[in-house]
Amino acid sequence: MYKIAAFIEFDQKITNKILSQKKVVKKKFGNQIYLKHPVHLTLFTLNIKKIVELRNIYINDKVKQSKPFSIFITQPGIFYNDPLTGGHTFFYHIKKSKKLNEIQLKHLRKINTNLDVFKNNIKLFKNNILKNNYKKYGFPFVDKIWIPHTTIASIKNLKKNNKFTKQFLSKKINLNCFVKEIKFYKIIKDRHMFLFTVKDF
């Protein structure tokens with residue numbers, strides 16, 4: 001079984017902004033979860049049987065080019081007591097749009113129609129929407145319940161009213177860039193291995 005992810009990556013200005021925040025966190029709190037992850041927006045992660053089968057269903061989509069669209073980073077946010085990490089996950093919101101929703105659903109449906117997607121961890125989800133999404137797609141955060149974001153780090157043993165938390169939430173951000181492609185990665189723990197690019201999204 002392989003864990004794969006579909007990412008949207010950003011221009012250099014946004015990437016540098018997120019990397020600078022990661023450096024601040026590392027200097028202040030040491031190594032934390034997600035610090036080593038590349039800067040990206042996750043469309044979804046899935047567990048599949050064979051990477052070659054994933055490549056095959058996208059073989060014609062690597063050449064076609066869709067019209068680029070804009071995404072907007074709007075404000076800082078925190079997932080307090082993140083159940084996936086046991087810490088507080090610091091991130092920047094990405095403005096939700098019809099286009100982003102359509103892209104996420106299109107590719108989840110494409111993969112689930114053509115590949116065997118593992119869905120054996122349904123007991124992890126108590127929320128019915130998350131459970132139904134996972135059962136249908138193999139990924140719980142789909143459509144209305146999905147919060148598009150780019151993560152800085154998940155920090156453990158940090159109080160909610162900590163000075164760093166207040167400063168982070170108070171800083172405004174308003175950046176945007178064009179999206180021209182989706183990138184697929186294979187994930188093993190903190191390692192992200194690039195697989196291929198899809199330009200027809």
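Residues numbered from 1 in each chain as written. Predicted model: local features only at pLDDT ≥ 70, side-chain atom pairs only at ≥ 80, totals over all residues. Heavy atoms only, no water.

What follows covers the pattern of salt bridges. Side chains that carry opposite charge are capable of pairing whenever their charged atoms lie near each other. Within this structure, the stated rule accounts for three salt bridges. Taking the shortest distance from any N to any O, the salt bridge between Glu-181 and Lys-199 comes out at 3.0 Å. With Glu-181 in the loop between strand 6 (175–179) and strand 7 (182–188) and Lys-199 in the segment after strand 8 (191–198), the pair connects residues that are 18 residues apart, well separated along the chain. By relative accessible area, Lys-199 is classed as partly exposed at 27%. A single salt-bridge network, built from bridges that share partners, covers Glu-9, Glu-181, Lys-183 and Lys-199. (Salt bridge = Lys/Arg side-chain N within 4 Å of Asp/Glu carboxyl O. Helix = DSSP H or I, 4+ residues; strand = E, 2+ residues; numbered from the N terminus. Buried < 20%, exposed > 50% of the residue type's maximum accessible area, 1.4 Å probe, protein only.)

The next point concerns the pairing of strand 3 (residues 69–79). Across five bridges, strand 3 lies against strand 6 in antiparallel orientation. Along strand 6, the bridge assignment pairs Ile-73 with Leu-175. With five bridges joining them, strand 3 and strand 4 (residues 88–94) adopt antiparallel strand pairing. From the neighbouring strand, Phe-79 faces strand 4, where its bridge partner is Thr-89. (Pairing = 2+ DSSP bridges.)

Counting buried residues in strand 4 gives six out of seven residues, a clear majority hidden from the surface. Two elements, strand 4 and strand 5 (residues 149–155), share six bridges in a ladder whose sense is antiparallel. Pairing of His-88 across the sheet is with Ile-155, part of strand 5.

Strands sit in the order 5-4-3-6 across an open sheet of four strands; the sheet is antiparallel. Two strands in the sheet have a free side with no partner beyond their single neighbour: strand 5 and strand 6. Each neighbouring strand pair of the sheet contributes to a mean axis angle of 30°, computed without reference to strand direction. Its contacts with the sheet put helix 5 (residues 163–170) on strand 3, strand 4 and strand 5, and the angle it makes with strand 3 is roughly 155°. (Axes fitted to C-alpha atoms, helices over the stretch in contact; angles between N-to-C directions. Contact = heavy atoms within 4.5 Å.)

Attention now goes to helix 3 (residues 98–114). With 17 residues, helix 3 extends 24 Å between its outermost C-alpha atoms, agreeing within 8% with the 24 Å of an ideal straight helix rising 1.5 Å per residue. The complete set of buried residues in helix 3 reads Leu-100, Asn-101, Ile-103, Gln-104, Leu-105, His-107, Leu-108, Ile-111 and Asn-112. (Expected span 1.5 Å × (residues − 1).)

Once that is clear, we can look at unusual backbone geometry. We note that Tyr-34 has phi near 80°; this positive angle belongs to a residue other than glycine. For Tyr-34, the position within the fold is in the loop between helix 1 (12–29) and strand 2 (41–48). Phi is positive for Lys-189, close to 55°, though the residue is something other than glycine. As for its placement among the helices and strands, Lys-189 is situated in the loop between strand 7 and strand 8.

The next subject is helix 5. Along helix 5, the residues that are buried comprise Phe-164, Thr-165 and Phe-168. With its buried residues spanning 100° around the axis, helix 5 presents them on a single face. Residues of helix 5 that are exposed and point more than 90 degrees away from the buried face comprise Lys-163, Lys-166 and Ser-170. Those residues of helix 5 hidden inside the fold are in contact with helix 1, strand 3, strand 4 and strand 5. (Arc of directions from axis to C-beta.)

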